[in-house]
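Geometric and topological summary
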Amino acid sequence: MRLRVFASLLALVLLASCTSNADPARSPAPALSGQPAAAPAMGTNGAAVPVLNWAPCKGKFQCARADVPVSYREPAGAKLALSVIKLPASDPAHRIGSLFFNFGGPGTGGVGELARFADRYPDELRARFDLVSFDPRGIGGSTAISCPGADTLPGRGSPLRPEQRDAFYAASAAAGKACAAGSPALLPHLSSANVARDLELLRQSVGDKALNFYGYSYGTYLGATYANLFPGTVRAITMDGTLDLVANATGAPGQQDEPVDVRADVARGQQQELDAFFDACVKAGPKCAFSAGDPRQKFADIFAKLSQGPVGGVTLPSLLETINRSLYQSARWSKLAVTLNGLASAAQGAAATHPPMLDPYVATHSPGFLAVQCVDSDNPAEPAAYDRLAASEVRRQPYFGASAVFNMAQCIGWPARDQDRYLGPWNRPRANPILIVNSRHDPATPLHDAQATARQLGDGRVLVVDGFGHTTLDVHSACASAALTRYFVDLTTPTEGTVCAPDFTPFP
């Protein structure tokens, strides 16, 4: 369900002889509840700092290639190439340094996204910083994984229909098998921890004494991993649309046997935003096509009717996918209201029949997404665990619970483990607080996850954008942009409890 936001993984194994780039004078803070005890963590292990030979690209940008180790256990061994992009600061005389970006995923390339979004950032940020991003290892223009045939796999069917169950799990495993066949040597080295080690080499390559970093969605997990592998070289980190770090890695005690989206309770966040959609629709009146009567009851009828079969070519999974996309960006709410209104008359009274949920929406993820998420996160290893949990989650969250259970089913039996992934602790002392920005209603990284992460970090400061959707890329706020600028330029964090208004509200 995330620009991210998973399979059962081995415990972190680290060589005692490996060195860390964290400040040796700093001792780890006591582990918070649900975090592993502090343990040595490998830094870049003496890997050579790549030389960046910048050349013009994409109009006003500059591009370069950085060669980094495939495995930081063998820093002088095989190399892979990173594709890097930079927009030079417009006021070099007052330049502070570089500001690195990760735009989420995992599996999203940074080169194209920075070229796409750079002009959105405030003038002062673009004046004072070089804006820098890169395609993470395994992705895009960097040395990429090869998973032949994975992009043309057939549909998986439903895990809740007994006659389709085995085919669902077999089809779910196909992407992993394709990646194992195409990239067996690279697949075990794609964790966020290794991307963070690459980021540390890039920081040194651009000559910055400390890192400035802006991560969206999955990029928040990358930023938090860097902040705890290299706490002594952090200047400023913003996390926008934040994953729950413990939930994303292993889960808190008692949650280890749940899939990652269940641990993060993504379904609760989706339901809360759907309820907010209903409330906003009623308030908008005629501006919202679905406002007449009781939208909640009408939706329950639609859900029940589609549980019995398609209506006018609309299936339950296709409607849930449409809702999921609409929750990411409230500019789509008006069109969603029209869609729901078109189904309402055919569904009237259907909820009284209480049909079972048999066809959840289950996303099919890209190989690049899976190659990172399935080594970063622990998930149940056997299909039976998902089967058992599905019934209780459907009762708890009827509309979205099943999707959260099966969202990472493609990680079952994933054919790689990264022994150098990072599992915590997440609260190593740093010079400056980490700024966390989150929408009040976010369907992928709910506000309760951001609040949990602030506690896990120990120095997180939460700024709430009082809007609907996923990250400030979709919920733009001039207030939040101003706060971000002051943080990166002056290291000033907003007062705890600050709430910013969004620039757009639905049903205008």
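Summarised in this report is the structure supplied together with it. (Residues numbered from 1 in each chain as written. Predicted model: local features only at pLDDT ≥ 70, side-chain atom pairs only at ≥ 80, totals over all residues. Heavy atoms only, no water.)

1. Structural notes on the overall build of the chain
- Scanning the chain from terminus to terminus reveals 18 helices and 10 strands.
- At 23 Å, the chain has a C-alpha radius of gyration in line with the 23 Å of a compact globule built from 508 residues.
- Viewed in the frame of its principal axes, the chain has a C-alpha envelope of about 65 × 45 × 45 Å.
- Scored against the burial criterion, the 508 residues of the chain give a buried share of 59%.
- Put simply, the chain shows about 18,700 Å² of open surface, and 54% of that area lies on carbon and sulfur atoms.
- Side-chain charges of the chain comprise 44 positive and 44 negative groups, with the mean position of each set lying 2 Å from the other. (Helix = DSSP H or I, 4+ residues; strand = E, 2+ residues; numbered from the N terminus. Rg over C-alpha atoms; globule rule 2.2 N^0.38 Å. Buried < 20%, exposed > 50% of the residue type's maximum accessible area, 1.4 Å probe, protein only. Areas by Shrake-Rupley, 256 points an atom, 1.4 Å probe, with all protein chains shown as cover. Lys, Arg positive; Asp, Glu negative; His and termini not counted. Charge placed at Lys NZ, Arg CZ, Asp CG, Glu CD.)

2. A word on the state of the cysteines
- Under the definition given, this model contains five disulfides.
- Here C57 is linked by a disulfide to C63, with a sulfur-sulfur distance of 2.0 Å. Negative torsions about the S-S bond denote left-handed disulfides, and the value of about 70° found for C57 with C63 makes this one right-handed. When sorted by exposure, C57 lands in the same class as C63, which is buried.
- Here C374 pairs with C411 through a disulfide, and the sulfurs are 1.9 Å apart. (Disulfide = S-S within 2.5 Å.)

3. Regarding unusual backbone geometry
- Omega for the peptide link from G105 to P106 comes to -5°, which places this bond in the cis form.
- Structurally, the position occupied by P106 is in the loop between strand 4 (97-102) and helix 1 (110-117).
- Non-glycine residue H354 carries a positive phi angle of around 50°.
- Its location among the elements puts H354 in the loop between helix 12 (333-347) and helix 13 (367-376).
- With relative accessibility at 67%, the residue H354 sits in the exposed group.
- The residue L491 is not glycine, and still its phi comes out positive at about 65°.
- Within the secondary structure, L491 sits in the loop between helix 18 (478-490) and strand 10 (499-500).
- You can call L491 partly exposed: its relative accessible area is 29%.

4. So, the packing of aromatic side chains
- Scanning the model with the defined rule gives 24 aromatic pairs in all.
- Measuring from ring centre to ring centre gives 5.5 Å for Y221 and W426, while their planes differ by 50°; the resulting arrangement is tilted. In this pair, Y221 is assigned in helix 6 (residues 218-229) and W426 in the loop between helix 15 (401-406) and strand 8 (434-441), connecting sequence segments 205 residues apart. You'll find Y221 and W426 in the same group, each marked buried. (Phe/Tyr/Trp six-rings, centres within 6.5 Å; stacked < 30°, edge-to-face > 60°.)

5. Description of helix 16 (residues 447-457)
- The element helix 16 is extensively covered by neighbouring structure, given that nine of its 11 residues are classed as buried.
- Within the sequence span of helix 16, burial applies to L447, H448, D449, A450, A452, T453, A454, Q456 and L457.
- Elements in contact with the buried residues of helix 16: helix 6, strand 7 (234-240), helix 7 (245-249), helix 9 (266-284), strand 8 and strand 9 (460-468).
- Of the residues one or two after helix 16, G458 is the one with positive phi, at around 85°. (Contact = heavy atoms within 4.5 Å.)

6. Here's the deal with the packing of helix 5 (residues 192-205) against helix 6
- Two elements in contact, helix 5 and helix 6, have axes separated by 9 Å at closest approach and are oriented at 70°. By the angle class used here, helix 5 and helix 6 are roughly perpendicular. You can see that helix 5 and helix 6 cross each other, and the crossing is right-handed. Facing helix 5, whose interface residues are S192, A193, V195, A196, R197, L199, E200 and R203, helix 6 presents Y218, Y221, L222, T225, Y226 and L229. (Axes fitted to C-alpha atoms, helices over the stretch in contact; angles between N-to-C directions. Parallel < 35°, antiparallel > 145°, perpendicular 65-115°, else oblique. Left-handed = near helix turned anticlockwise from the far one by under 90°.)

7. Points about the side chain of S326
- Tracing the backbone through its elements, the reader meets S326 in helix 11 (residues 316-328).
- Leaving out residues up to four positions away in the same chain, S326 has contacts with R332, W333 and L336.

8. So, the environment of S133
- Looking at the secondary structure, you find S133 in strand 5 (residues 129-135).
- A C-alpha to C-alpha distance of 26 Å links S133 and P443, two positions 310 residues apart in sequence.
- Sequence-distant contacts of S133, defined by excluding residues within four places in its chain, comprise S83, V84, I85, F101, F103, G110, V111 and L114.
- A distance of 2.8 Å separates the side chain of S133 from the backbone oxygen of F101, its partner in a polar contact.
- Side-chain polar atoms of S133 contact the backbone oxygen of G110, separated by 3.4 Å. (Polar contact = N/O pair within 3.5 Å; in protein donor to acceptor, adjacent residues only side chain to side chain.)

9. Some remarks on the pattern of salt bridges
- Summed over the entire model, instances satisfying the criterion amount to 23 salt bridges.
- A salt bridge links D265 to R396, with the shortest nitrogen-to-oxygen separation between them at 2.8 Å. On the criterion of sequence distance, the pair formed by D265 in the loop between helix 8 (260-263) and helix 9 and R396 in helix 14 (residues 383-396) is long-range, its members being 131 residues apart.
- With a closest N to O distance of 2.9 Å, E393 and R396 form a salt bridge. Note that E393 and R396 are positioned in helix 14 at a spacing of three residues, about one turn of the helix.
- Taken together, the shared-partner salt bridges connect D265, R268, E393 and R396 into one network. (Salt bridge = Lys/Arg side-chain N within 4 Å of Asp/Glu carboxyl O.)

10. Structural notes on the pairing of strand 7
- When you tally the buried positions in strand 7, you get seven out of seven residues, the bulk of the element.
- As paired strands, strand 6 (residues 211-216) and strand 7 are joined by six bridges and run parallel to one another. Considered in strand 7, the bridge of Y216 is made with D240.
- Handedness of the crossover joining strand 6 and strand 7 through helix 6 is recorded here as right-handed. (Pairing = 2+ DSSP bridges. Right-handed = clockwise from strand over helix to strand, strands pointing away.)

As far as function goes, none of this settles anything; it's purely spatial.
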